Amino acid sequence: MSAEGPPQGANYSPHGGSAAAELVNEAASGGAAHYARTAPPRIWNKRVQRRALRLERAATRLGARLTGKLVDADAIVALLEEAIEPADRVCIEGNNQKQADFLARALTAVDRGRVYDLHIVQSVLALPEHLDVFERGIASRLDFSFSGPQAARLAKLAGNGQIAIGAIHTYLELFGRYFIDLTPDVALVAAQAADREGNLYTGPNTEDTPVIAEATAFKNGLVIAQVNELIDVLPRIDIPSDWVDFVVQSPTPHYIEPLFTRDPAMISEIQVLMAMMAIKGIYAEYGVDRLNHGIGFDTAAIELLLPTYAESLGLRGKICRYWALNPHPTLIPAIEAGFVESVHSFGSELGMEDYIRARPDIFFTGSDGSMRSNRAFCQTAGHYACDMFIGSTLQIDLAGNSSTATLGRIAGFGGAPNMGSDARGRRHATHAWLTAGREAHRGNGAAPRGRKLVVQMVETFREHMEPAFVERLDAWDLAESANMALPPIMIYGDDVTHILTEEGIANLLLCRDDDEREQAIRGVAGYTAVGLSRDRVAVAKLRQRGVIRRAEDLGIDKRDATRDLLAARSIKDLVRASGGLYQPPKRFRNW
Amino acid sequence: MERLQFRFDGGSRVAAASDACLVGVVASGNLEVLIEPAPQTDACAIEIRTAANGFGDVWQAVMTDFFERHRVGGIRISINDAGATPAIVSLRLDQAIEEFTRRDPA
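Only a predicted model underlies this, so the values are computations on that prediction, with no experimental measurement involved.

Novice: What is the right way to read the overall build of chain A from this model?
Specialist: When its secondary structure is counted, chain A shows 22 helices and 20 strands. Relative to a compact globule of 591 residues, whose C-alpha radius of gyration would be 25 Å, chain A shows 26 Å and is just as compact. Dimensions of chain A, computed from C-alpha atoms along their principal axes, come out at roughly 85 × 60 × 45 Å. Pairs at least 24 apart in sequence give 72% of the contacts found in chain A among residues at least 6 apart. Total accessible area on chain A stands at roughly 23500 Å², and carbon and sulfur atoms take up 52% of it.

Encoded structure:
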């Protein structure tokens, strides 16, 4: 097909192939006449026209229930029926924390004779309604990132063909596709408040709203926002009104999940021991100063050991100063102890609002004083500007591949693969990055290059004696049963630099070949079948070389690993550490 | 509920004057370790009552490693397990033997 040929028009068909069909008819009736000359002039603003048509339809149907951009709550289903067309790409704002729950519920109630075959493109499937739309035949295709709470039901619906999954993405990857080939036609977003013009104030949980609204609004899609309240003057404007088409006040405030709150009372001595090994064997060793922590008790234990154990090692001011991290309540003692300089967040955390407001030197806050989070920017920061990611996982295989997928659950990845992968585009040097790079590329003659530290932290057995180390990841079986193009591996083995268990640290950067790598992994796999079948001689040699380091090799006495080392041992201690500014959600208050 | 017994020979005797020593609690995911002097033998005798069935091989490996670490004899160890992971079992055993030998007047 030549570059100047007429089928230029045929290539342009974001929705259906009507332009192409017209071209063919013209060519047939025109006989030998030149294709290009007989083609009708191409329409360049179909999306603009489509948008105008939808706005007009909505205005007609809603009548008095629409005032400017403000929609009556009882007209929401009618609005969705006029704004959304069959086969549209729709983004329901589902974040880790904030949920556009009222709009999600409304979408399940549309007439499926009018709205069907939708392609849902959303980062997190958190609510039952997010899957109800598939069960009811309103939507059929799905591209997403994370489905934690709905993982089992998603696997079932995918298994019996009610959902066609395009791909499981990382957040940044899905956001990237919003601007390439998965641009939403309609976005249903959530904000704290709107004014009468339709400007939005998201409050601390800004999360995905900017990226969704931008991708949708600037490709002539429709942005519909649910807000908790309508007010005359917003504290600040997070989304300008000309990106927003409709605003509806939700009958109840949007749901927010306190996903990152971990009760220190639940942290075990083994987790304290592992945290000690992490601090002394990795943080201090590499001088890790810019980092992201995964979610969970393992990393919460590290946060709570900074003001105690890390302080006793003289590490304040040397490690953990700059963070890409949600405002974890368990970070409060480290902040108060002067460990932390700066925290940028993906989203906020319930109960942390007043504490954040009182610490604007640490957190990113607006002129109104409340936090502004942003998942897309924080993911970028975590990928490019951090020297280390450390997080937990469910399964690790002999190549170091790590997965949270288990049979019967399609959980997705969220942000872990962005954090937990070497940023090969990175070009700025830090001590930690260069140190890891020297270990990774020692003596291979290549140009100097750094390396991100990617640490997987697991106890060798999870609860109910489920081994964390396996010969074969469940991800393979899941890929077969759900017909996936790839096994859902969260972090690939060649990105993992260290595996930390209660038995010790395996430094995979120092392994010279795949066999050494396998024995290094077996050598910290404890009493799992994988660990028990280690080559004891090879493991002893790896230990001599410092590839494997046990607690005693690091000068850590296991008997010092007690809960007394935790800077806070309960939620109440965290409240106290915050000077009463942290207000934990009710379910975490047990006093 | 499963009952397991192990016996290791060749360790050095801990002084008979030692008191019995109890570490840990019988709570979900945890265990209780009791160490008592057994002056009439040189062996390290271990008896385990565990809530989780079918992990005999793992217990064997954990107990063998424990004995290799400390090589103690003349003691009787009783374990009441409520589903602890091997990591917790090893930690409690190390704590208990430390406690036990620290009390040793010798």
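From this point, things continue past the structure.
Novice: Help me out: how do you make sense of the pairing of strand β4 (residues 118-124) of chain A in this one?
Specialist: Consecutive side chains along a regular strand alternate between the two faces of the sheet. All names here are of chain A. Within β4, 7 of the 7 residues are buried, leaving the element largely enclosed by the surrounding structure. In this sheet, β4 lies alongside strand β3 (residues 89-92) in parallel orientation, the contact comprising 2 bridges. Looking at the pairing, R89 lines up with H119 of β4. For the crossover from β3 across helix α6 (residues 101-108) to β4, the handedness is right-handed. Relative to strand β5 (residues 139-146), β4 runs parallel, the two sharing 6 bridges.

Novice: How do you make sense of the pairing of strand β4 (residues 31-37) of chain B when you look at a structure like this?
Specialist: Residue and element names in this part refer to chain B. As defined by bridge partners, strand β3 (residues 21-24) adjoins β4 across 4 bridges and the pair is classed as antiparallel. Directly across from L22, in β4, lies its bridge partner L34. Examined bridge by bridge, β4 and strand β7 (residues 75-81) share 7 bridges and lie antiparallel to one another. Directly across from E32, in β7, lies its bridge partner N80.

Novice: Could you clarify how one ought to interpret helix α5 (residues 76-83) of chain A in this entry?
Specialist: Along an α-helix, residues three or four positions apart point the same way, because every turn accommodates 3.6 residues. Counting buried positions over the 8 residues of α5(A) gives 7, a clear majority of the element. Tucked into the core, α5(A) has its buried residues touching α4 (46-62), β2 (70-71), α6, β7 (186-194), β9 (222-230) and β10 (246-249) of chain A.

Novice: Explanation requested: the confidence of the model for chain A in the structure shown.
Specialist: When pLDDT is low, close inspection of the predicted coordinates is not appropriate. Across chain A, pLDDT averages 92, with 94% of residues at or above 70. Ignoring residues within four places in sequence, the model shows residues 1-31 of chain A, a span with pLDDT below 50, making 27 contacts including any to other chains.

Novice: What is the right way to look at the nonpolar core in this model?
Specialist: Soluble globular proteins tend to bury their nonpolar side chains together. A:Y283, B:M63, B:I77 and B:I79 are the most contacted members of the largest nonpolar core, which has 98 residues in total. Residue contributions to this core peak at 12 residues, all from helix α11 (residues 269-286) of chain A. Residues contacting B:I77, with those up to four places away along its chain left out, are B:V33, B:L34, B:I35, B:C44, B:A45, B:I46, B:E47, B:F66 and B:L93.

Novice: I would appreciate a short explanation of the environment of A:E93 in the present structure.
Specialist: All names here are of chain A. Among the structural elements, E93 can be located in the loop between β3 and α6. As for E93 and A213, which are separated by 120 residues in sequence, their C-alpha atoms are 9.8 Å apart. Residues within four places of E93 in sequence aside, it is in contact with K98, Q99, A100, L188, V189, A190, T206, D208, T209 and I212. Side-chain polar atoms of E93 contact the backbone nitrogen of A190, separated by 2.9 Å.

What counts and what doesn't
- Residues numbered from 1 in each chain as written.
- Chains lettered and ligands numbered in written order.
- Predicted model: local features only at pLDDT ≥ 70, side-chain atom pairs only at ≥ 80, totals over all residues.
- Heavy atoms only, no water.
- Helix = DSSP H or I, 4+ residues; strand = E, 2+ residues; numbered from the N terminus.
- Rg over C-alpha atoms; globule rule 2.2 N^0.38 Å.
- Contact = heavy atoms within 4.5 Å.
- Areas by Shrake-Rupley, 256 points an atom, 1.4 Å probe, with all protein chains shown as cover.
- Buried < 20%, exposed > 50% of the residue type's maximum accessible area, 1.4 Å probe, protein only.
- Pairing = 2+ DSSP bridges.
- Right-handed = clockwise from strand over helix to strand, strands pointing away.
- pLDDT = per-residue confidence, 0-100.
- Core = buried A, V, L, I, M, F, W, Y, C linked by side-chain atoms within 4.5 Å.
- Polar contact = N/O pair within 3.5 Å; in protein donor to acceptor, adjacent residues only side chain to side chain.

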